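# Coordinate inspection notes
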Amino acid sequence: MNKRLRYLPFSDVVEGMELGAPLTIAEHGVTNFTLPAGQVLTDTNLRQIAMRHGEFVCVLEDDPRSDAERAADRLASEARLAKIFADADLSRPALAGLYAAVLAYRSL
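Described in the following lines is the structure provided in the data block.

Cut-offs and rules
Residues numbered from 1 in each chain as written. Predicted model: local features only at pLDDT ≥ 70, side-chain atom pairs only at ≥ 80, totals over all residues. Heavy atoms only, no water. Helix = DSSP H or I, 4+ residues; strand = E, 2+ residues; numbered from the N terminus. Rg over C-alpha atoms; globule rule 2.2 N^0.38 Å. Buried < 20%, exposed > 50% of the residue type's maximum accessible area, 1.4 Å probe, protein only. Contact = heavy atoms within 4.5 Å. Areas by Shrake-Rupley, 256 points an atom, 1.4 Å probe, with all protein chains shown as cover. Pairing = 2+ DSSP bridges. Expected span 1.5 Å × (residues − 1). Arc of directions from axis to C-beta. Salt bridge = Lys/Arg side-chain N within 4 Å of Asp/Glu carboxyl O.

What follows concerns the overall build of the protein chain. Secondary structure summary: the protein chain contains 3 helices and 5 strands in total. Taken from the N to the C terminus, the helices and strands of the protein chain come in the order β-β-β-β-α-β-α-α. In terms of overall size, the protein chain is more extended than a compact globule, its C-alpha atoms giving a radius of gyration of 17 Å where 108 residues would be expected to give roughly 13 Å. Considering only C-alpha atoms, the protein chain reaches an extent of 45 × 40 × 20 Å along its principal axes. Within the protein chain, the fraction of its 108 residues that count as buried is 20%. Of all intrachain contacts in the protein chain linking residues separated by at least 6 positions in sequence, the fraction that spans at least 24 positions is 59%. As displayed, the protein chain has an accessible area near 7300 Å², and 56% of this comes from carbon and sulfur atoms.

As structure tokens, then:
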């Protein structure tokens, strides 16, 4: 089965979920907690994240959509992004970079 990354608010994260990206929590610019990508979250991990006021977590989960559904969702996302950036001057490197970054994020 295909997998996909999802960024979830901490309140929606439960024990047994797998991290899709490294989790790093910092306070005042100092890293005070990290977990590697692929870590299966335990009750202890969740308590540690909560104590450090973690807000969002990237998890890896099964993607039940068919290839056709994924392609349709990607096209819809690209169309929405094109509409949002319709008046943007994408010849400017900063805007072109932002567009590319958002497109890459939405393609996950």
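Strand direction decides the pairing type here: strand β3 (residues 23–27) and strand β4 (residues 30–35), joined by 5 bridges, are antiparallel. Residue pairing in the sheet places L23 in a bridge with L35 of β4. Linking β3 back to β4 in an antiparallel pair, the connection comprises 2 residues, with H28 at a positive phi of about 55 degrees.

Turning next to helix α2 (residues 67–84). Under the 1.5 Å per step criterion, the end-to-end length of α2 is 26 Å for 18 residues, consistent within 8% with the ideal 26 Å. Along α2, the residues classified as buried are R70, S77 and L81. What you see down the axis of α2 is that its buried residues fit within an arc of 35 degrees, all on one side. Away from its buried face by more than 90 degrees, α2 exposes A68, L75 and K83.

Before going further, it helps to spend a moment on the environment of M17. Relative to the assigned elements, M17 resides in the loop between β1 (3–9) and β2 (18–19). Taking the C-alpha atoms as reference, M17 lies 11 Å from D62; in sequence the two are 45 residues apart.

If you walk through the whole model with that rule in mind, you get 9 salt bridges. In this structure, the salt-bridge partner of R4 is E61, at a minimum N-O distance of 3.5 Å. With a gap of 57 residues between them, R4 in strand β1 and E61 in strand β5 (residues 56–62) connect regions that are remote in the sequence. Between R70 and D67 there is a salt bridge, and its shortest N-O distance comes to 2.2 Å. Here R70 and its partner D67 are both found in helix α2, 3 residues apart, which amounts to about one turn of the helix. According to the relative accessible area criterion, R70 is buried, its value standing at 19%. Shared partners join several salt bridges into a network, and the residues in it are D63, R65, D67, R70 and D73.

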